[in-house]
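Results of the structural survey
So you can see what is in the structure, the chains are spelled out below.
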2 protein chains.
Amino acid sequence: MRDDYPVIKWPPPLVDRMMEVGDARIADMDAAGIDVQVLTLTQPALEVLPAKKAVPLAAELNDFLAARIAEHPTRFDGLAAVPAVDARAAADELERSVRELGLKGALVNGQTNGRFLDDPQFMPLLERIAELDVPLYLHPAPAPKEVSRLYYQGFGDIIEAHLAMAGWGWHSELGLHAVRLVLAGVFDRLPNLQVVIGHMGEIIPFMLDRMVRFLGPAIELERPLEEYFRTNFWYTTSGFVWDPPLQCTLDTIGAERLLFAVDYPFDDNARATGWFNAAPLSDRQRALIAHENADRLFGLTH
Amino acid sequence: MRDDYPVIKWPPPLVDRMMEVGDARIADMDAAGIDVQVLTLTQPALEVLPAKKAVPLAAELNDFLAARIAEHPTRFDGLAAVPAVDARAAADELERSVRELGLKGALVNGQTNGRFLDDPQFMPLLERIAELDVPLYLHPAPAPKEVSRLYYQGFGDIIEAHLAMAGWGWHSELGLHAVRLVLAGVFDRLPNLQVVIGHMGEIIPFMLDRMVRFLGPAIELERPLEEYFRTNFWYTTSGFVWDPPLQCTLDTIGAERLLFAVDYPFDDNARATGWFNAAPLSDRQRALIAHENADRLFGLTH
């Protein structure tokens with residue numbers, strides 16, 4: 001394990017819900033009116049491991065995931081865990097996962113090797129993702145310990161962890177991660193690369209015009225800055241069951257790039273669908289967000 | 001100067017606009033329909049200096065500010081620069097600035113002494129602010145160099161500076177700063193302390209419900225988490241001339257705590273008022289945001 005990143009420990013009841021990928025999970029989906037879950041590996045994940053451990057573990061995890069999906073092929077799909085620490089091995093494992101296991105894309109958590117994915121070392125993985133024409137889900141991870149020391153300390157372990165993760169830090173770091181991919185010209189090199197970010201857009205919708213104003217004139221890119229956020233990114237509602245940030249995302253990005261998601265088991269299926277069904281959306285917006293965008297992006301055919 | 005924080009260098013034309021505090025500035029205000037500017041010291045400011053330099057410089061700067069205001073007392077007001085590095089001296093300088101110079105509050109930029117204002121060393125300053133019943137404006141400052149190294153590097157000096165400041169980092173750090181004040185119980189100790197944050201709320205409106213969900217149950221405070229953000233904070237529109245984040249702030253905080261501001265000379269007076277006059281607001285909301293809230297908060301009597 002890298003010692004410059006913390007390792008998340010989930011409470012046992014949450015771990016039980018994570019590990020149950022069968023009838024109880026499906027019953028909970030049914031009760032909330034959810035047809036399909038796209039499964040992914042949670043954290044601590046491959047990002048904190050050295051390549052010699054991460055590469056073989058990725059294959060094992062993706063086989064496990066594919067086996068669970070095969071047991072309930074109309075209710076589950078999945079994204080591959082990729083050992084980005086070795087970008088070529090990650091690319092190969094993704095290709096295997098997509099072509100042989102039927103997984104629908106890749107997921108990476110935060111920084112790897114102390115770097116964001118715009119670092120040149122990861123280009124072989126991003127190239128393969130684009131080549132395979134599958135999406136990359138960019139999920140937050142705990143901030144480097146040094147950032148936590150400078151930003152999040154002073155409140156005891158529990159509050160500090162919340163502040164560094166779902167209470168603030170996850171979202172500010174992940175939004176930054178998305179912005180960095182744009183600024184680095186990743187989408188000029190790989191124009192069809194599609195990146196999914198959760199949590200109602202990881203602050204991007206609130207900050208979009210501000211970034212356009214201050215970063216737009218300073219950077220040389222092939223297209224206007226805002227266009228990348230509207231053509232190379234998809235956004236999910238995961239863990240954000242509130243109308244004001246939804247409205248902000250609709251007003252800056254639009255329903256055409258937004259996907260309903262729960263963030264199960266961190267959030268509750270029925271709570272999320274209950275909110276979504278009552279949210280102020282047109283029928284067309286609701287259909288796009290509820291399933292049409294996901295069907296298109298992930299190539300779901302249920 | 002501290003060597004763990006960068007020192008901002010503004011381009012000369014911007015410095016000229018900063019330093020002109022007279023007829024040209026007022027003509028520009030008139031052209032945009034702005035009655036009063038609340039003047040503050042910009043950066044690099046007292047936060048990067050040791051106490052022996054910061055304390056005497058603060059007095060000099062506040063005297064300078066008061067002299068400019070005295071030349072145009074119906075068009076300018078001001079907030080005192082306070083040398084937070086020595087919190088007791090800062091408290092005394094604020095008291096002098098308010099009682100003798102007629103300044104309307106204090107302004108602090110980001111971290112001081114490598115710490116946010118929730119650190120106990122700053123309590124004497126916060127206590128005096130509350131005692132004097134004037135607001136504290138919390139303005140962003142450049143992130144610690146170590147955060148920039150981990151988060152913002154890789155794009156060359158200009159882009160990195162924008163990314164660390166107005167393009168992302170300023171706002172994620174300042175929003176965090178505000179959250180930390182709440183979590184530390186500052187407003188339980190000083191219930192009447194009023195803090196102003198700019199840039200349409202420094203991401204807080206987008207993140208508010210998420211913080212309530214994840215931080216709320218984990219922290220012991222006297223009041224519900226969201227209540228502090230609606231009773232101890234004021235928000236300005238400075239530098240955010242866009243409807244979607246405005247709407248998000250109205251929907252989460254409300255017009256009762258929002259103040260129109262330009263961020264002059266970083267933003268343009270006419271651009272800001274042009275946007276504001278066309279923004280989708282009721283007459284009542286517009287009156288509150290345009291001047292009623294500011295009159296009340298700063299005790300303006302023009």
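Residues numbered from 1 in each chain as written. Chains lettered and ligands numbered in written order. Predicted model: local features only at pLDDT ≥ 70, side-chain atom pairs only at ≥ 80, totals over all residues. Heavy atoms only, no water.

**Points about the relation of the copies chain B and chain A**
For the match of chain B to chain A, the screw axis carries a shift of 0.0 Å, the RMSD comes to 0.0 Å, and the turn is 180 degrees. Such a combination of turn and shift is consistent with a two-fold rotation axis. (Least-squares fit on C-alpha atoms with pLDDT ≥ 70 in both.)

**Concerning the pattern of salt bridges**
Residue and element names in this part refer to chain A. Throughout the structure, instances matching the rule amount to 30 salt bridges over all chains. A salt bridge links R189 to E127; the shortest N-O distance between them is 3.4 Å. Placement of the pair is R189 in helix α9 (residues 186–189) and E127 in helix α5 (residues 123–132), with a sequence separation of 62 residues. Residue classification places R189 among the exposed positions, given a relative accessible area of 55%. One network of salt bridges, in which partners are shared, links D92, E95, R99 and R128. (Salt bridge = Lys/Arg side-chain N within 4 Å of Asp/Glu carboxyl O. Helix = DSSP H or I, 4+ residues; strand = E, 2+ residues; numbered from the N terminus. Buried < 20%, exposed > 50% of the residue type's maximum accessible area, 1.4 Å probe, protein only.)

**Considerations on the sheet that holds strand β3 (residues 80–81) of chain B**
All names here are of chain B. As summarised here, the arrangement of the 6 strands in space is β3-β4-β5-β6-β7-β8, forming an open sheet in which the pairing is parallel. Both outer strands of the open sheet, β3 and β8 (258–259), are each paired with one neighbouring strand and no more. Here strand β5 (residues 136–139) pairs with strand β6 (residues 195–197) via 3 bridges, running parallel. Counterpart to Y137 in the pairing with β6 is V196. Each of β5, β6 and β7 (233–236) touches helix α8 (residues 169–183); the most contacted strand, β5, lies at about 140 degrees to it. (Pairing = 2+ DSSP bridges. Contact = heavy atoms within 4.5 Å. Axes fitted to C-alpha atoms, helices over the stretch in contact; angles between N-to-C directions.)

**Observations concerning the confidence of the model for chain A**
On average, residues of chain A carry a pLDDT of 96, and 99% of them reach 70 or more. The complex prediction reports pTM at 0.97, with the ipTM value standing at 0.97. (pLDDT = per-residue confidence, 0-100.)

**Considerations on the nonpolar core**
Counting residues in hydrophobic clusters, the biggest one holds 184 residues, and the most contacted among them are A:W168, A:M211, A:F229, B:W168, B:M211 and B:F229. With near-sequence residues (within four places) excluded, A:F229 lies in contact with A:A178, A:V179, A:V182, A:I204, A:L208, A:M211, A:Y235 and A:I253. (Core = buried A, V, L, I, M, F, W, Y, C linked by side-chain atoms within 4.5 Å.)

**Notes on the side chain of B:R257**
All names here are of chain B. Among the secondary structure elements, R257 is positioned in the loop between α12 (243–252) and β8. Of the side chains with opposite charge, E256 comes closest to the buried, unpaired R257, at an N-O distance of 8.0 Å. At 2.9 Å, the side chain of R257 and the backbone oxygen of T231 are in polar contact. At a separation of 2.9 Å, a polar atom in the side chain of R257 contacts the main-chain carbonyl oxygen of F233. (Lys, Arg positive; Asp, Glu negative; His and termini not counted. Polar contact = N/O pair within 3.5 Å; in protein donor to acceptor, adjacent residues only side chain to side chain.)

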